[in-house]
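Each chain, letter by letter, is given below.
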Amino acid sequence: MVGVITSGSSDEKVDIKPAADGSGQENVSVNELELESHEVFKKTEDGVDFRNVSWPFAAVIFLKAIFATGVLSSMSLFPSAMYSLGALGGALSVVGWSFMNTYTATILGDFKTRHPQCHTLADMGYTVGGPWLRELIGALYLIAYILCSGTGIIGLSVGFNALSDHGACTVWWAFLSMALITAAASIRTLRNIGWLTWVGFLSIFTAVFIVVIGVTTVDRPAAAPQEGDFDLGYHIIAYPTFVEGMTATATIFVSSAGTSAFLPVISEMKNPRDYRKALFICMGLVLCMYLSFSLVVYRWTGQWVANPSLGSAGGTIKKVSYGIGLIGLAVSGCLYQHVAAKYLFVRILRNSRHLQSNTLIHWGTWLGCSISLGIIAFILAESIAIFNYLIALVGSICFAPMAITVPGVLWLFDFGHYRTGSLWQKLQYVFHWFLIILGLFITVGGT
């Protein structure tokens, strides 16, 4: 492998060309110190040390970012998707999209290793397409994670409403949720937020597990008619129309498609080359939980799943699960808001001394980014107050291009020479063009 590294600034490219050994995912063996010099955050003892996230901590952050809101969609939207696809088709779709999103996430991580100056997907867009692509992807990135933060606000406010028996105005609970999420998101380093993710993951996992057990103990789903006969809507094999099938598979896709949020975490890892360890542990656990939870809930609730899903087993279990899961819902919204704010923060202060120094400009910029994005997320959450619609909007407009199309473009940028290589290399080249087309198709079809 030959590595040519120019400048580590955001507006210059670090070009590390991999050797064409046929795998398409070569291990980068360039000088570690040279790579380190081009990382966005430097290891330091004088200022703010952002580079302190170990790979086990990174795995938990990844898991929390994907699982919290994703599992609410997997339990509320997946049964609807499986009603369209059938239990077998739905299960295959969950497995297929999980593997696809894991693979495209490895592309992002490997590209980050070869181009260490990239902090987020927007920087990768600049590397392959210049300023216009950086701004386009940056806009999608911000929109996606502001809307994801909005889902956290909605989920947390619904929890407060459930626990208080609607004892206050919903807008008040949403405002309180925004304030709590913004306060947590304003913690500067992911290492410190990482401690919250441990608690948050255990919180939401326990809450969901209680509901999964709870739905198997009731005579009929809480959302179903409580008297007379009703159609549960459980099918092993279904025969959907094109529109129904497209909507269902796009719904399942988005639940594990937020892998672009992993990139800022890599920039704060002690050793970014440990990314794959964290990724595979995260996505393996996510697949197991999504598949098992969604199949159990679909089997016992069919099409009658509550929205959000923690109310699917009745009022008592709803209160218990929300009481336990409140911390998890808050932490998930906090993570999404943090990565969006960190993107703006780095864009504003990159290559200045204020990026890692405890100056007034540093603190003012950071808190300004975090608070302003929290306010925007609150406004959007109240404007699009239906949880399903918000998740669907994020998936079709933002995550399809960011999780499928852009990774295909990144791979082709580094391995374009495979077009004239061996048969295996040519097949890989064609497959990554297919990813680009597939992402665009999901974007248009899902919308």
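Residues numbered from 1 in each chain as written. Predicted model: local features only at pLDDT ≥ 70, side-chain atom pairs only at ≥ 80, totals over all residues. Heavy atoms only, no water.

Student: Before we go on, may I ask you to explain the pattern of salt bridges in this structure?
Tutor: Two side chains with opposite charge may pair up if their charged atoms get near one another. This model, assessed by the stated rule, comprises seven salt bridges. The closest approach of N and O atoms between Glu-135 and Arg-134, which form a salt bridge, is 3.4 Å. Given the relative accessible area of 38%, Glu-135 is considered partly exposed. Owing to a relative accessible area of 10%, Arg-134 belongs among the buried residues under this scheme. The salt bridge involving Lys-277 is made with Asp-274; its shortest N-O contact spans 3.4 Å. Each of Arg-134, Glu-135 and Arg-347 takes part in one network of salt bridges that share partners. (Salt bridge = Lys/Arg side-chain N within 4 Å of Asp/Glu carboxyl O. Buried < 20%, exposed > 50% of the residue type's maximum accessible area, 1.4 Å probe, protein only.)

Student: What exactly am I supposed to notice about the packing of helix α6 (residues 170–185) against helix α11 (residues 315–349) here?
Tutor: Helix-helix packing is characterised by the crossing angle of the two axes and by the distance between the axes. Where α6 contacts α11, the two axes come as close as 8 Å, and the packing angle between them is 55°. Regarding the angle of α6 to α11, the classification is oblique. Helix-helix and strand crossings are classified by hand; for α6 and α11 the assignment is right-handed. Residues Ile-181, Thr-182, Ala-184 and Ala-185 of α6 lie in contact with α11, whose contacting residues are Ala-330, Gly-333, Cys-334, Gln-337 and His-338. For the contact of α6 with α11, the residue count by class is five nonpolar, four polar and no charged. (Axes fitted to C-alpha atoms, helices over the stretch in contact; angles between N-to-C directions. Helix = DSSP H or I, 4+ residues; strand = E, 2+ residues; numbered from the N terminus. Parallel < 35°, antiparallel > 145°, perpendicular 65-115°, else oblique. Left-handed = near helix turned anticlockwise from the far one by under 90°. Contact = heavy atoms within 4.5 Å. Nonpolar A, V, L, I, M, F, W, Y, C, P; charged D, E, K, R; others polar.)

Student: I'm lost on the packing of aromatic side chains in this one. Help?
Tutor: One pair of aromatic rings is described through two measures. These are the centre distance and the angle between the planes. Counting across every chain of the model gives 24 aromatic pairs. With centroids separated by 5.6 Å and ring planes inclined at 55°, the aromatic side chains of Tyr-141 and Tyr-343 adopt a geometry described as tilted. Of this pair, Tyr-141 sits in helix α5 (residues 131–163) while Tyr-343 sits in helix α11, and the two are 202 residues apart along the sequence. Both rings, one in Tyr-234 and one in Tyr-298, keep their centres 5.0 Å apart while their planes meet at 40°; by these two values the pair is tilted. Here Tyr-234, found in the loop between α7 (190–215) and α8 (242–254), pairs with Tyr-298, found in helix α10 (residues 275–301); they are 64 residues apart in sequence, far enough to count as distant. Cluster of aromatic residues (ring-pair linked, three or more members): Tyr-141, Tyr-145, Tyr-336, Tyr-343 and Phe-399. Over the ring of Tyr-234 we find Arg-299; its NZ or CZ atom is 5.2 Å from the centre of that ring. Sitting above the plane of the Trp-300 ring, Arg-299 keeps its charged end 5.4 Å from the centroid. (Phe/Tyr/Trp six-rings, centres within 6.5 Å; stacked < 30°, edge-to-face > 60°. Lys NZ or Arg CZ within 6 Å of the ring centre and 35° of its normal.)

Student: What's the story with empty space enclosed by the protein in this structure? I'm lost.
Tutor: To locate leftover empty space, one rolls a probe as large as a water molecule over the atoms. A full pass over the atoms with the stated rule returns two cavities of 30 Å³ or more. Counted as a void, the second largest cavity has a volume near 60 Å³. For the second largest cavity, the full set of lining residues is Ile-61, Phe-62, Ala-65, Leu-190, Ala-261, Phe-262, Val-265, Leu-335, Tyr-336 and Val-339. At the level of secondary structure, the elements contributing two or more residues to the lining of the second largest cavity comprise α2 (55–76), α9 (262–267) and α11. When its residues are assigned to classes, the lining of the second largest cavity shows ten nonpolar, no polar and no charged. (1 Å grid on protein atoms, 1.4 Å probe; cavity = no way out; pocket = protein on both sides within 12 Å on 5 of 7 lines; lining within 4 Å. Points joined across faces, edges and corners; volume = space filled by probe spheres on them.)

Student: Explanation requested: the packing of helix α3 (residues 78–114) against helix α4 (residues 121–129) in the structure shown.
Tutor: Direction vectors running N to C along α3 and α4 enclose 65°, while the axes themselves pass 11 Å from each other. Judged by the inter-axis angle, α3 sits roughly perpendicular to α4. For the element pair α3 and α4, the recorded crossing hand is left-handed. Listed contacts from α4 to Leu-108, Phe-111 and Lys-112 of α3 are Leu-121, Met-124, Thr-127 and Val-128. Taken together, the residues that form the contact of α3 with α4 break down as five nonpolar, one polar and one charged.

Student: Sorry, what's going on with the nonpolar core here?
Tutor: Across soluble globular proteins, nonpolar side chains have a tendency to be buried as a group. Leu-121, Tyr-145, Phe-253, Phe-399 and Met-402 are the most contacted members of the largest nonpolar core, which has 123 residues in total. With 15 residues, α5 is the single largest residue contributor to this core. Discounting residues that sit within four places of it in the chain, Tyr-145 has contacts with Gly-258, Ser-260, Ala-261, Tyr-336, Gln-337, Val-339, Ala-340, Phe-399 and Met-402. (Core = buried A, V, L, I, M, F, W, Y, C linked by side-chain atoms within 4.5 Å.)

Student: Would you explain the environment of Trp-304 in this entry?
Tutor: As for its position among the elements, Trp-304 is in the loop between α10 and α11. Under the relative-accessibility criterion, Trp-304 is labelled partly exposed at 23%. C-alpha of Trp-304 to C-alpha of Pro-225: the two residues are 79 residues apart in sequence and 9.1 Å apart in space.

Student: Is there a simple way to explain unusual backbone geometry in this structure?
Tutor: Phi at Asn-351 is positive, roughly 65°, even though this residue is not glycine. With respect to the element layout, Asn-351 can be found in the loop between α11 and α12 (360–383). Taking the relative accessible area as the measure of exposure, Asn-351 reaches 56% and is therefore exposed.

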